[in-house]
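For reference, the chains in residue letters:
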Amino acid sequence: MENVIEEKQGETLVLDNKPQNTKKLFIESYGCAMNFADSEVVASILSDGGYNTTQILEEADLVLVNTCSIRDKAEQTVRKRLEKYNAVKRRVNPKMKVGVLGCMAERLKSQFLEQEKIVDLVVGPDAYKDLPNLLAEVELGNDAINVILSKDETYGDISPVRLGSNGVSAFVSITRGCDNMCTFCVVPFTRGRERSREPQSIISEIKDLSDRGFREVTLLGQNVDSYLWYGGGLKKDFDKASDMQKATATGFDQLLETVAATFPKMRIRFSTSNPQDMHESVLRVMAKYHNICKHIHLPVQSGSDRILKEMNRLHTRQEYLTLINKIRQILPDCTITQDMIAGFPTETEDDHQDTLRLMEEVKYSFGYMYAYSERPGTLAGRKMPDDVPEETKLRRLQEIVALQRQHSLYRTQEFVGQTMEVLIDKVSKKSEDDLSGRNSQNLTVVFPKEDYKIGEFVMVVITSCTSGTLIGRAIGYSAMN
């Protein structure tokens, strides 16, 4: 669950086409930001293999969907898309090939190919470099599958194509996999063990983005605070590293400081953090550099110690609150957002009330809230009966969502009257006369366009707000511009 930053609808991604390419690729991504970043890697690999992307499904030679397995709803959405692809294939374009990428590919493996026969290829998150070979097999009329999890693949040697980009913000992956083994989560099974990317390749990718005019990057990982580079290999094997490797290892705090210092005119974000892995040293680096955004996504999942233990969350309620207090102390202007699960197995009404009380104490700025969804293969799925009635789950979820809405409004109201630095990233959806951007705290800010342009940093006086948006007027450019 921690790797979910933003649950997005399917998005057709577009890259600059190469005139020499003759084949057409239609690619959609669902789920977390890591999936969208992975699709950029896939597009880069296939662009070198002769594919241009298209937004027109009917004309595609190859259709790929990059999938999410975090909840049953996400998988059902992907299945509906596969039904549509195959309907188009039958009616319009019989030569079209259909493939599944990502976490569903890893989890369901041969089921798509052998049992349901609804796709031509299945490719797991660590096998994208094998796509050209798999497509060659498909062209020969063979099914193609590669879902082998890697111990070292980070795609650090591939320059991602920036798909559907606004030219302002970009994702940069720094870790892959997760070692935490929360009982509800499929990520360790679909993305493998934690391994980190070589620091210089991260710096090189960000430099390329900076040279091309991008103004903001988000450092991505299922658990970014676990970033640890000691010359390659899994994080769990660090104890076996040589004394020299240990002495020269790079942790997340060091990487974050290096990026911020090297690119002072770029904003730096990161996601997602796990409470047990976020250390004070990271908070001190955030406080030291203006260009590191003051927002932390810090999933908690439950306010009940008993449920946290059942989830195998590696922190207690009090340890979590102690970290929250440390963040408030070091970064008083930092926004904190959450993930929360309602109706985990054995959750009682008292457990639910503990969650609501924790929310009241923290008053998060925003949250991603879900009813528990049993995921096959997880410890909870194998060993814990899904015993909370669906109507109880939904009622508890509604109470969590309603409380979060109150807190979101409370937090946005705190910014009214303040002057905020905003990076403009688009024209407002509601009016072409307004621009929209985000402040350091990851809140959307809308203001009259005047002569300002997308990609510029401006200072905005906040005059009013809703629970999700700050509204104001620009008063000039910021020093970051």
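Residues numbered from 1 in each chain as written. Predicted model: local features only at pLDDT ≥ 70, side-chain atom pairs only at ≥ 80, totals over all residues. Heavy atoms only, no water.

## A short note on the overall build of the protein chain
Each helix and strand in the protein chain was counted, giving 15 helices and 22 strands. By the compact-globule yardstick of 23 Å for 481 residues, the protein chain fits well, its C-alpha radius of gyration being 22 Å. Once the C-alpha set of the protein chain is aligned to its principal axes, its extents read approximately 65 × 55 × 55 Å. Out of the 481 residues belonging to the protein chain, those deemed buried represent 58%. Taking all contacts inside the protein chain whose residues are at least 6 apart in sequence as the whole, residues at least 24 apart take part in 73%. Carbon and sulfur atoms provide 49% of the accessible area of the protein chain, an area that totals close to 19900 Å². For the protein chain, the centre of its 62 positive side-chain charges and the centre of its 69 negative side-chain charges are spaced 1 Å apart. (Helix = DSSP H or I, 4+ residues; strand = E, 2+ residues; numbered from the N terminus. Rg over C-alpha atoms; globule rule 2.2 N^0.38 Å. Buried < 20%, exposed > 50% of the residue type's maximum accessible area, 1.4 Å probe, protein only. Contact = heavy atoms within 4.5 Å. Areas by Shrake-Rupley, 256 points an atom, 1.4 Å probe, with all protein chains shown as cover. Lys, Arg positive; Asp, Glu negative; His and termini not counted. Charge placed at Lys NZ, Arg CZ, Asp CG, Glu CD.)

## Re the sheet that holds strand S18 (residues 419–427)
The strand order S18-S19-S20-S22-S21 describes a closed barrel built from 5 strands, whose pairing is mixed. The mean inter-strand angle of the sheet, taken between neighbouring strand axes irrespective of direction, is 55 degrees. Bridge count for S18 against strand S21 (residues 457–465) is 5 bridges, and the pairing is antiparallel. In the sheet register, Met420 faces S21, and the bridge partner there is Val460. (Pairing = 2+ DSSP bridges. Axes fitted to C-alpha atoms, helices over the stretch in contact; angles between N-to-C directions.)

## Observations regarding the packing of aromatic side chains
What describes a pair of aromatic rings is the distance from one ring centre to the other and the angle between the planes of the rings. All chains considered together, the criterion is met by 8 aromatic pairs. Ring centres of Phe252 and Phe270 lie 5.2 Å apart, and the angle between their planes is 75 degrees; on these two criteria the pair is classed as edge-to-face. With Phe252 in helix H9 (residues 252–262) and Phe270 in strand S14 (residues 267–271), this pair connects stretches of sequence that are 18 residues apart. For Phe270, a relative accessible area of 5% puts it in the buried group. Consider the rings of Phe344 and Tyr372, whose centres lie 5.2 Å apart with planes at 75 degrees: the pair is edge-to-face. Note that Phe344 is positioned in the loop between strand S16 (335–342) and helix H13 (349–362) and Tyr372 in the loop between strand S17 (366–371) and helix H14 (379–383), a separation of 28 residues in sequence. Across the pair, exposure class does not vary: Phe344 and Tyr372 are buried alike. (Phe/Tyr/Trp six-rings, centres within 6.5 Å; stacked < 30°, edge-to-face > 60°.)

## What to know about the nonpolar core
Here is a general trend for soluble globular proteins: nonpolar side chains tend to be buried in one another's company. Core analysis: the largest hydrophobic core is formed by 52 residues, its most contacted members being Leu256, Phe270 and Ile296. Sort the elements by how many residues they give to this core and helix H12 (residues 317–330) lands first, with 6 residues. Leave out the neighbours within four places in its chain, and Phe270 touches Thr218, Leu219, Val224, Phe252, Leu256, Met278, Val282, Met286 and Ile296. (Core = buried A, V, L, I, M, F, W, Y, C linked by side-chain atoms within 4.5 Å.)

## Concerning helix H10 (residues 280–288)
Among the residues of H10, Val282, Leu283, Val285 and Met286 are the ones counted as buried. Within H10, the buried residues cover an arc of 160 degrees as seen down the axis, which keeps them to one side. (Arc of directions from axis to C-beta.)

## What about the sheet that holds strand S8 (residues 169–173)?
The 3 strands lie next to each other as S8-S11-S14, forming an open sheet whose pairing is parallel. Of all strands in the sheet, those bounded by a partner on one side alone are S8 and S14. In this sheet, neighbouring strand axes are inclined to one another by 25 degrees on average, regardless of whether the strands run parallel or antiparallel. Note: strand S11 (residues 216–220) against S14, 5 bridges, orientation parallel. Each residue of the ladder has a partner; that of Thr218, found in S14, is Arg269. Strands S8 and S11 of the sheet are contacted by helix H1 (residues 33–48), whose axis makes an angle of about 90 degrees with S8.

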